[in-house]
Amino acid sequence: MPKICCIGAGYVGGPTMAMIAKKCPEVQVTVVDINADRIAAWQSDDLPIYEPGLDEVVKAALGRNLFFSTDVDQAIMDADIVFVSVNTPTKTFGEGAGCASDLQYWELCARRIKEVSTSDKIIVEKSTLPVRTAEAMERVLHSGDNPIHFEVLSNPEFLAEGTAVADLENPDRVLIGGHETPSGQKALQTLVEVYAQWIPRDRILTTNLWSAELSKLTANAFLAQRVSSINAISALCEATEADVGEVAHAIGTDSRIGSKFLKASIGFGGSCFKKDILNLVYLCETYGLQEPADYWRQVVTMNDYQETRFVKTMLHNMFNTIANKRIAVLGFAFKADTGDTRESPAIRVCRELASEHATIIVSDPEAMENAKLDMPELADQIEFEEDPYKAAKDAHAVAVLTDWKLYKELDFQRIYDSMQKPAFLFDGRNMLDHNALFEMGFEVYSIGKGLKTHLK
Ligand code: NAD
Ligand code: UGA
């Protein structure tokens, strides 16, 4: 079996490689990163990311055939297959700023691989990349008079945070794209054999390189589009007394539509949806396809609208002033079961509440450290309190921004009793029992259902 190296020990590199190592004991897997703290954390009892079930997967293989290291060059040199799983954020400068992918980390890896390799290698794009990136990478890898052959494959990752272990253990599909040449097909089969150790072969899809690259961006765009679509309907529900939960259920039972990804919310967050859609927009524009670009951009515009609409709703219902009011924000992670706060809707909500001079108390079971780093400019308006009961004490309003299961189980009577009156509860995730909360005395707002009020 081949030796594997993975460059990038983040949310994708760490879990995916741990799963390969666990499932393929004969494959040696070394994950490398320039971030020494991250590498040390992967080798400790306190993993650098919170992901249910991940500890057991890492423990099963760590030191056996799974290694973490900062020695990038050695790991590349030793490997037959090099996965590249570095970050590909949205570019913040120059041409395409705010839209295009920043490929500098990817290209640095390609240059490093070329520099230190002494044998032929398969290079696997694990990061999410613009379609046709492999072409540019091949040019970098094969530049000069290097005699070594690099075969580039695209193997995009579809795991979702919070369910990464289950997604990796039992994926809907694994996608591998390669060139339709003999060497491309040989490389592709080598990678297929690795996944086939635990994934049924009919779930391992093989395509050409460009289809694999584009399928990843397309999958994220379609998923995000569903969230924006139901969120658009949620605004109309509030205007018409329709209930977005009932509408979602009614349409989701149509097997052509399906029930998943129809939960109205304050908006989608996470490091990828927005970044990948904007990347798709940029690609369309690059190819002169303005209408497709405008179509996809609207998914992000709708998401921005939904986040801002939530804050406006809070403000308007709280008598158009929240200055000096205490607002407890329950949940800061972009979704439940992760400590990740990248592009979390909570960031915008807190910033906009702060611009109205509210005092914000942020609470989250796993994301407090990241939350503290996200809003340094608001330090004098934000307090951090892990205990949700303490966070809500003396608050004028509670806003639930992450769908943590524990928030369903809170003693809301206790919370209500400790709050200022009238006590507002804004459910940004439509996850609580709104009738029961209303009966307790709360003023209850939920997305796509509007406000239930005792006030005349
Ligand atoms: P991340 O920021 O958590 O991890 C990337 C890691 O790469 C960092 O630890 C960084 O230090 C390291 N790195 C950067 N340049 C390096 C270099 N030259 N040499 C060695 N290490 C280097 O990012 P992530 O969330 O793991 O995402 C990685 C890629 O996977 C992105 O393209 C993303 O779009 C894609 N993706 C992410 C998810 C997810 O759930 N987070 C899911 C599917 C796909
Ligand atoms: C998403 C995709 O689901 C993964 O397949 C993909 O690999 C990954 O992006 C990526 O490329 O990074 P992730 O962002 O981790 O995964 O989480 P999701 O479960 O997709 O949720 C994204 C956001 O949409 C969250 O803020 C979530 O709360 C929100 N959401 C999701 C809704 O508001 N409503 C829904 O019905 C579903």
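Data block above holds the structure.
The residue numbering used here restarts from 1 in each chain and proceeds along that chain's sequence as written. Written order decides the labels, with chains lettered from A and ligands numbered from 1. At least 70 in pLDDT is required for a residue's local features to be given in this predicted model, at least 80 for side-chain atom pairs to be given and counted, and no such filter applies to totals for whole chains, interfaces and linings, which use all residues. Note that water and hydrogens are dropped before the side-chain values are worked out from all heavy atoms of the structure.

(A) Structural detail: unusual backbone geometry. Cis geometry marks the peptide bond from Lys 421 to Pro 422, where omega comes out at -5 degrees. A run of DSSP states H or I qualifies as a helix once it reaches four residues; a run of E qualifies as a strand once it reaches two. Both are numbered from the N-terminal end. Here Pro 422 lies in the loop between α16 (412-418) and β13 (424-427). Of note, Glu 241 is a non-glycine position whose phi angle comes to about 70 degrees, a positive value. Tracing the chain through its elements places Glu 241 in the loop between α9 (209-240) and α10 (244-252). Between buried and exposed lies partly exposed: a residue is buried under 20% and exposed over 50% of the maximum accessible area for its type, with that area taken using a 1.4 Å probe on protein chains only. By relative accessible area, which is 78% here, Glu 241 ends up exposed. Backbone geometry at Glu 343 places phi at a positive 55 degrees, although glycine is not the residue there. Following the sequence through the fold, Glu 343 ends up in the loop between β9 (326-330) and α13 (345-355).

(B) Highlighting the sheet that holds strand β10 (residues 359-363). Strand pairing is assigned whenever DSSP detects at least two bridges linking the two strands. The 7 strands are arranged β11-β10-β9-β12-β13-β14-β15 in an open sheet whose pairing can be described as mixed. In the strand order of this sheet, the two ends are held by β11 (382-384) and β15 (450-452), each with one partner. The sheet shows a mean angle of 20 degrees between the axes of neighbouring strands, taken without regard to direction. Across 4 bridges, strand β12 (residues 397-400) lies against β13 in parallel orientation. Bridge assignment links Val 398 to a residue of β13, and that residue is Leu 425. Any two residues whose heavy atoms approach within 4.5 Å at even a single point are treated as in contact. Comment: axis = line fitted to C-alpha atoms, over the contacting stretch for helices; angle = value between 0 and 180 degrees taken between N-to-C directions. Contacts between helix α12 (residues 290-317) and the sheet are confined to β9, β12, β13, β14 (443-446) and β15, with β13 contributing the most and set at about 165 degrees to the helix.

(C) Fine view of the site of ligand 1. Only a single heavy atom is needed: when it lies within 4 Å of a molecule or strand, its residue is near that molecule or strand. With respect to spatial proximity, 25 residues lie near ligand 1, and among them Asp 33, Arg 38, Thr 88, Glu 161 and Lys 275 are the closest. Between ligand 1 and Ile 34, the relevant distance is 3.5 Å, taken from a nitrogen atom to a main-chain nitrogen or oxygen of the residue. Here a polar contact is taken to be a pair of N or O atoms separated by no more than 3.5 Å, where protein atoms must pair a possible hydrogen donor with a possible acceptor and residues adjacent in sequence count only if both atoms sit in side chains. A distance of 2.9 Å is found between a nitrogen atom of ligand 1 and a side-chain nitrogen or oxygen belonging to Glu 161. Accessible areas in this description were obtained via Shrake-Rupley with a 1.4 Å probe; residue shielding takes into account the shown protein chains only. For ligand 1, the protein covers 90% of the area, taking 830 Å² as the surface of the free molecule. In this classification, the charged set is Asp, Glu, Lys and Arg, the nonpolar set is Ala, Val, Leu, Ile, Met, Phe, Trp, Tyr, Cys and Pro, and all remaining amino acids, among them Gly, are polar. Its residues placed into classes, the shell around ligand 1 shows 9 nonpolar, 9 polar and 7 charged.

(D) Quick peek at the packing of helix α6 (residues 133-141) against α9. At a minimum axis distance of 9 Å, the contact between α6 and α9 shows a crossing angle of 125 degrees. Comparing the axis directions of α6 and α9 gives the class oblique. Along the contact surface, α6 presents Thr 133, Ala 134, Glu 135 and Glu 138, while α9 presents Leu 209, Trp 210 and Glu 213. Here is the rule for angles: anything less than 35 degrees is roughly parallel, anything more than 145 is roughly antiparallel, 65 through 115 is roughly perpendicular, and the remaining ranges are oblique.

(E) Seen up close, the environment of Lys 456. Tracing the backbone shows Lys 456 in the segment after β15. Residue Lys 456 is classed as exposed on the basis of its relative accessible area of 97%. C-alpha separation for the pair Lys 456 and Ile 204, spaced 252 residues apart in sequence, amounts to 60 Å.

(F) Fine view of the site of ligand 2. The immediate surroundings of ligand 2 are formed by 20 residues, with Phe 158, Leu 159, Ser 265, Cys 272 and Arg 429 found nearest. One nitrogen or oxygen atom from the main chain of Phe 158 is found 2.7 Å from an oxygen atom belonging to ligand 2. A distance of 3.3 Å separates an oxygen atom of ligand 2 from a polar backbone atom of Leu 262. Out of a free accessible area of 710 Å², ligand 2 has 89% covered by protein chains. Looking at the shell around ligand 2, the element that brings in the most residues is α9, giving 4 residues. Taken together, the residues that form the shell around ligand 2 break down as 11 nonpolar, 3 polar and 6 charged.

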